[in-house]
Amino acid sequence: IASQEAEKRGWHLYLVGGAVRDLLLAEAETRNLMINDIDLVVDGFHQTADVGAGVELAKALQQIYQNARLEIHGAFQTAALLWHKDLVLDSLWVDIATARTEFYPYPAANPEVEASSIRQDLYRRDFTINAMALRLTSPRAGELLDFFGGFIDLENQQVRILHPNSFIEDPTRIYRGVRFAVRFGFSLEPQTETYIRYAINSGVYDRTSQENSKTPALQTRLKTELKYILAAPYWQSALELLDNLGALQCIHSTLKLDAELSRQLNLLKHCLRKFDKKQTLINWQMRLEVLIAYLQPEYRGKVAKNLQLTDDSIIRLEKLFTVESEIITLLPTFEKPSQTLYLLRKYDLQTLILIALQSPRKIRRRIWQYLTNWGNIQPLLNGNDLKKLGYKPSPQYKQMLDDLLTATVDGIIKDKAEAQEFLT
Ligand code: ATP
């Protein structure tokens, strides 16, 4: 239907980017393919004034598919049609753009855009395997447009950048390249790897890791890439490759994946399995917080802000050093489990995990004990029980319940009968 609508207007329509790559890969590997994210590009008009063609096509399609939601993104003249997941279909996101050329007014800036042809549209993309198009309109519908050798690179399992300067213009492409390489089990084409190392050596990370950066859009892209990587099953291999390339410096110039940080990330897996059984924590976010918590305390808050983490995360990372100092000083002086309980219950699970990962074994074991046992113990009697026992509701209830909890956690009372006796 989309190609018919384009043909009616005398335009060409192409499937581009990741969907073409994934289609070709699926065909080669005879594996099932599930594409929820489709990028279409319209081309073939005669004047650059047609920059709104993609939007016009999207509007026409929305008239036909009224259950789709239409979003228009003005600055780049793109439109998206969204179908939400229902009982029959998975969600589907179709981006429709007008063929365009992007240029960067200065390195690591946001690109500026003008209308152009499909070849130029593909030429502005990152990797050859992402720069192919499949023609959807006639004549020659079904033809693969591969100007830069993407098909051969797919066959040779290589991630090759299109332009030598690409990583300097947009350092987040380093993360994208690593993501594609690790995800598909490909290697970085040697020249591409050289360009990455060159970009890193020339200090490109200054622009992503800078405080009060002039390029917040770049940091948004870095966060998006980090989120993809840290949420994926291959996150550890991706981090290793990023570290090997020196690219973790894009997060902070001092960040290195050394043996200690690897140990903490491995331990995190066990923690999440053990202490977050209901899976309330977001795994990629926890992994990112562990990376940030590994930095010197004075950098943590700034990096969390740069990466536009949630306010909760930023505050947690900013306060981590103070909380950690308090816990490390006080825990060894405590003799009773209830003292540990009252200290640690002030903090959320994420804070306790971050501190446990970094602490000496003795402290860590105390935190584990709190999380597995002491933190889950309920007082043996509740407010209703107190009422039944003849205690009039009063502000003292809370103190009584706390006393009961203390006695339970410290093993002084074991059942309701002992609890009643304890109160009297
Ligand atoms: P995925 O399956 O992981 O979503 P994708 O290739 O579809 O992979 P997107 O981030 O959705 O990735 O990007 C769509 C297309 O836009 C890419 O295939 C690529 O052609 C182009 N692209 C995306 N980000 C960049 C970038 N930073 N620089 C150049 N081209 C890019």
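Refer to the structure presented above.
Residues numbered from 1 in each chain as written. Predicted model: local features only at pLDDT ≥ 70, side-chain atom pairs only at ≥ 80, totals over all residues. Heavy atoms only, no water.

Considering the overall build of the protein
Logical step 1: When its secondary structure is counted, the protein shows 21 helices and 11 strands.
Logical step 2: For 424 residues, the compact-globule estimate of 2.2 N^0.38 gives 22 Å, and the protein exceeds it by more than 25% at 28 Å.
Logical step 3: Principal-axis analysis of the C-alpha atoms places the extent of the protein at approximately 90 × 50 × 40 Å.
Logical step 4: Buried residues in the protein amount to 48% of all 424 residues. (Helix = DSSP H or I, 4+ residues; strand = E, 2+ residues; numbered from the N terminus. Rg over C-alpha atoms; globule rule 2.2 N^0.38 Å. Buried < 20%, exposed > 50% of the residue type's maximum accessible area, 1.4 Å probe, protein only.)

With respect to the side chain of R173
Logical step 1: By the element assignment, R173 lies in helix α7 (residues 172-184).
Logical step 2: Since its relative accessible area comes to 7%, R173 is described here as buried.
Logical step 3: Side chain to side chain, R173 and E169 meet in a polar contact 3.5 Å long. (Polar contact = N/O pair within 3.5 Å; in protein donor to acceptor, adjacent residues only side chain to side chain.)

Focus on the packing of aromatic side chains
Logical step 1: The tally for this structure, following the rule as stated, stands at eight aromatic pairs.
Logical step 2: Aromatic pair Y123 and F148: ring centres 5.7 Å apart, planes at 40 degrees, arrangement tilted. Linking Y123 in helix α4 (residues 118-123) with F148 in the loop between β9 (144-145) and α5 (150-155), this pair joins segments that are 25 residues apart in sequence.
Logical step 3: Of the residues examined, Y123 reaches a relative accessible area of 42% and is grouped as partly exposed.
Logical step 4: Judged by relative accessible area, F148 falls into the buried class, the value being 18%.
Logical step 5: Judged by centre distance (6.3 Å) and plane angle (5 degrees), the rings of F180 and F184 are stacked. (Phe/Tyr/Trp six-rings, centres within 6.5 Å; stacked < 30°, edge-to-face > 60°.)

Notes on a nonpolar patch on the surface
Logical step 1: Nonpolar side chains collect at one region of the surface, where I1, I64 and Y65 lie side by side and expose about 250 Å² of accessible area between them.
Logical step 2: By the secondary structure assignment, Y65 is in the loop between α3 (53-64) and β3 (69-73). (Patch = residues over 30% accessible without salt bridge, like charges linked within 9 Å, V, L, I, M, F, W, Y side chains within 5 Å. Areas by Shrake-Rupley, 256 points an atom, 1.4 Å probe, with all protein chains shown as cover. Salt bridge = Lys/Arg side-chain N within 4 Å of Asp/Glu carboxyl O.)

With respect to the site of the ligand
Logical step 1: By nearness alone, 14 residues border the ligand, and R21, N130, R173, R179 and R183 come closest of all.
Logical step 2: Interatomic distance of 2.9 Å between a side-chain N/O atom of R21 and an oxygen atom of the ligand.
Logical step 3: Between the ligand and N130 there is a distance of 3.0 Å, counted from an oxygen atom to a backbone nitrogen or oxygen.
Logical step 4: In isolation the ligand exposes 590 Å². Once the protein is present, 79% of that is buried. (Near = heavy atom within 4 Å.)

Notes on the nonpolar core
As a rule of thumb, nonpolar side chains are buried together in soluble globular proteins.
Logical step 1: By size, the foremost hydrophobic cluster in this structure holds 106 residues, and its most contacted members are Y175, I327 and I367.
Logical step 2: Core analysis: the next-biggest nonpolar cluster, separate from the first, contains 11 residues, A99, I118, L122 and F148 among them. (Core = buried A, V, L, I, M, F, W, Y, C linked by side-chain atoms within 4.5 Å.)

Quick notes on the packing of helix α15 (residues 311-330) against helix α17 (residues 349-358)
Logical step 1: Between α15 and α17, whose axes approach to 10 Å, the crossing angle comes to 60 degrees. Relative to α17, the element α15 lies oblique. For the crossing formed where α15 meets α17, the hand is right-handed. Contact with α15, carried on its side by R316, L317, L320, V323, E324 and I327, involves Q350, T351, L352, L354, I355 and Q358 of α17 and no other residues of that element. (Axes fitted to C-alpha atoms, helices over the stretch in contact; angles between N-to-C directions. Parallel < 35°, antiparallel > 145°, perpendicular 65-115°, else oblique. Left-handed = near helix turned anticlockwise from the far one by under 90°. Contact = heavy atoms within 4.5 Å.)

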